[in-house]
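# Chain and residue survey
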Amino acid sequence: MTPAAYLDHHAPDLTALLRRLVRTSTVNPPGENYDMITALLADELTRAGLKARRYTVPSALVKKTLPQEQLGFSRYNVLGKLAVRGAKKTIHFNAHYDVVPVSGMWRHGGAFSGMVDRGWIYGRGTADMKGSHAALLLALRALRATGVTPRMNVEVSFTADEETDSALGAGWLVRHAPIKPDYAIVMEGGEGNAVCCGHNGVVWLNVTVHGRAAHGSVPHKGVNALEKMAALVRALDGHKKQLARRTFAAPDGKVMRPTLNIGGIFSSGEGGKINTVPALASFSIDRRVLAVETVAAAERELRAFLAAAVRKIPQCRITARKVSHNHPTFHRPAHPFFTTMAGCVERVRSEKSVFRVSTGFNDMYFFAEELKIPTLGYGPGGDNCHAVDERASVKELVASAKIYAELLTTFAG
Ligand SMILES: [Zn+2]
């Protein structure tokens, strides 16, 4: 039997594994059940024939990184290795196991049921990105069961905290774990016929506008922070227009532009009452950074724009605090690693593949820019990521597993 035939035959095993992973809810923040899911994943790697080890992130680093209220939640990363005799190169597969919090009304038995309905598995994490864990684990099982040897050494990591900032997940892994990959696949960012060869970065700022409180009956005696904020938010349209003129053409022909999203929790702080002039107002800025820009330059430019805008608004005073950033990454997909992967996608799916750059970020940056190795993004994906009724397609899960197996038996590095 070929690995592909094995995978067709064992689709129910893939589904069952994904359901188990979804039922172990790993909501981040705060980082629930990391202990349980990493134990399960390490067992599954062992079952697939890898040497697996679970690493606890040292508490000193956790203390330095996480906010106080999350310190009770330990961080773990799982690493599996398969040494192949005669193989010269090593390929690394990575997926994060944390999921975003749940809100809204879910059908299909709730967010952590893993219920299957007409070819779809429902639940938080099915698409982002526990389907990738299940697909890869089944691909490795298929190779082992059919006696087919990968042409490269294999490393697999399942890491924490991608939904916050990856510092204790993929960030910890590339800086501290005993890995030595030549190539990496982060198993999200590309799906279907699209292989991901880069992603945008972000700069997140929180802006607080400072006014002066006064009694609501004599508003002229105060400085209304909400009104100043409104003026500042309107002024930011000017920066949006500047950014819209900047373009980057991705390999699939899509023209990408930097974006600005104004959001956050609008708060007037203490004294935010109907009969009080608000002394504080705050909002957030989500600046998406193109693969051809840098996070530092984007932040500098944004802060300069804010400062200039503030100067034009009478009595406006702000503080802008950086929440976090993630770097963009992009690799021209000419390297054989990319073209071989594209060929595997085309053979398994019987359709032409494309290379895309993802507007959202993922953990590719750590491998591509910190380890400086060719890195692509590909996985089964799904619908409604970070939303209600998130789901993954059984057909796509099996196709991704076949593509991983195909790459492992095709590419020697
Ligand atoms: Zn994700």
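Please read these numbers as outputs of a predicted model, since none were measured by experiment.

### Focus on the coordination of the zinc ion
Listed as protein donors to the zinc ion are H96 (NE2), D128 (OD), E188 (OE) and E188 (OE); their distances from the metal cover 1.9 to 2.8 Å. Classification of the site at the zinc ion rests on its 4 donor atoms, whose angles at the metal span 51 to 145 degrees, yielding the label irregular. Each donor residue of the zinc ion lies on the same chain, and together they follow the pattern H-x31-D-x59-E. Residue H96 is found in strand β3 (residues 90–96), and its partner D128 is found in helix α5 (residues 126–146); the two are separated by 32 residues along the sequence. D128 matches H96 in its accessibility class, with the two residues each being buried.

### Topic: the domain arrangement of the chain
The figure often quoted for interface size is the accessible area lost as the parts come together. Each assigned domain of the chain is listed with its residue range as follows: domain 1 (3–199 + 328–410) and domain 2 (201–326). When each unit is reduced to the centre of its C-alpha atoms, the spacing between domain 1 and domain 2 is 35 Å. Counting residues at the interface gives 15 residues for domain 1, matched by 16 residues for domain 2. Note on domain 1 versus domain 2: buried area summed over both sides is about 1200 Å², and carbon and sulfur give 69% of it. Together, P328, V357 and F361 form the three largest contributors to the area buried by domain 1 at its contact with domain 2, with a combined 47%. The interface formed by domain 1 and domain 2 contains 0 salt bridges. If you look at where domain 1 meets domain 2, you find 1 residue pair in polar contact (both at pLDDT 80 or more). Of all the secondary structure elements, the ones that give two or more residues to the side of domain 1 that touches domain 2 are β8 (194–199), β15 (329–330) and β16 (354–358). Counting residues per element, the side of domain 1 that touches domain 2 draws most heavily on β16, at 5 residues. Its residues assigned to classes, the side of domain 1 that touches domain 2 comprises 8 nonpolar, 5 polar and 2 charged.

### Quick word on the environment of P328
Secondary-structure assignment places P328 in the loop between β14 (317–326) and β15. Separated by 185 residues in sequence, P328 and L143 have C-alpha atoms that sit 34 Å apart. Residue contacts for P328: discarding those within four places in its chain leaves H199, N200, G201, V289, L290, A291, E293, V295, Y365 and E369.

### So, the packing of helix α9 (residues 336–349) against helix α11 (residues 394–410)
Packing of α9 against α11 leaves a shortest axis separation of 9 Å and a crossing angle of 135 degrees. The angle between α9 and α11 falls in the class oblique. Every pair of crossing elements has a handedness; the one defined by α9 and α11 is right-handed. Side by side, α9 and α11 meet where F337, T340, M341, C344, V345, R347, V348 and R349 of the first sit next to E396, A399, K402, I403, E406, L407 and T410 of the second.

### Section: the packing of aromatic side chains
One pass over the full model with this rule turns up 11 aromatic pairs. Both rings, one in Y55 and one in W172, keep their centres 5.6 Å apart while their planes meet at 45 degrees; by these two values the pair is tilted. Residue Y55 is found in strand β1 (residues 51–56), and its partner W172 is found in helix α6 (residues 170–176); the two are separated by 117 residues along the sequence. Exposure remark for W172: the relative accessible area of 6% places this residue in the buried category. Ring plane angle 70 degrees and centroid distance 6.2 Å describe the contact between F338 and F355, whose orientation is recorded as edge-to-face. Taken together, the residues F338 in helix α9 and F355 in strand β16 connect sequence positions 17 residues apart.

Definitions and cut-offs
- Residues numbered from 1 in each chain as written.
- Predicted model: local features only at pLDDT ≥ 70, side-chain atom pairs only at ≥ 80, totals over all residues.
- Heavy atoms only, no water.
- Donors = N, O, S within 2.8 Å, 3.2 Å for Na, K, Ca; no water.
- Tetrahedral: all angles 85-135°; square planar, octahedral: opposite > 155°, others 65-115°.
- Helix = DSSP H or I, 4+ residues; strand = E, 2+ residues; numbered from the N terminus.
- Buried < 20%, exposed > 50% of the residue type's maximum accessible area, 1.4 Å probe, protein only.
- Domains from an automatic or database assignment.
- Contact = heavy atoms within 4.5 Å.
- Buried area = accessible area lost by both parts, 1.4 Å probe.
- Salt bridge = Lys/Arg side-chain N within 4 Å of Asp/Glu carboxyl O.
- Polar contact = N/O pair within 3.5 Å; in protein donor to acceptor, adjacent residues only side chain to side chain.
- Nonpolar A, V, L, I, M, F, W, Y, C, P; charged D, E, K, R; others polar.
- Axes fitted to C-alpha atoms, helices over the stretch in contact; angles between N-to-C directions.
- Parallel < 35°, antiparallel > 145°, perpendicular 65-115°, else oblique.
- Left-handed = near helix turned anticlockwise from the far one by under 90°.
- Phe/Tyr/Trp six-rings, centres within 6.5 Å; stacked < 30°, edge-to-face > 60°.

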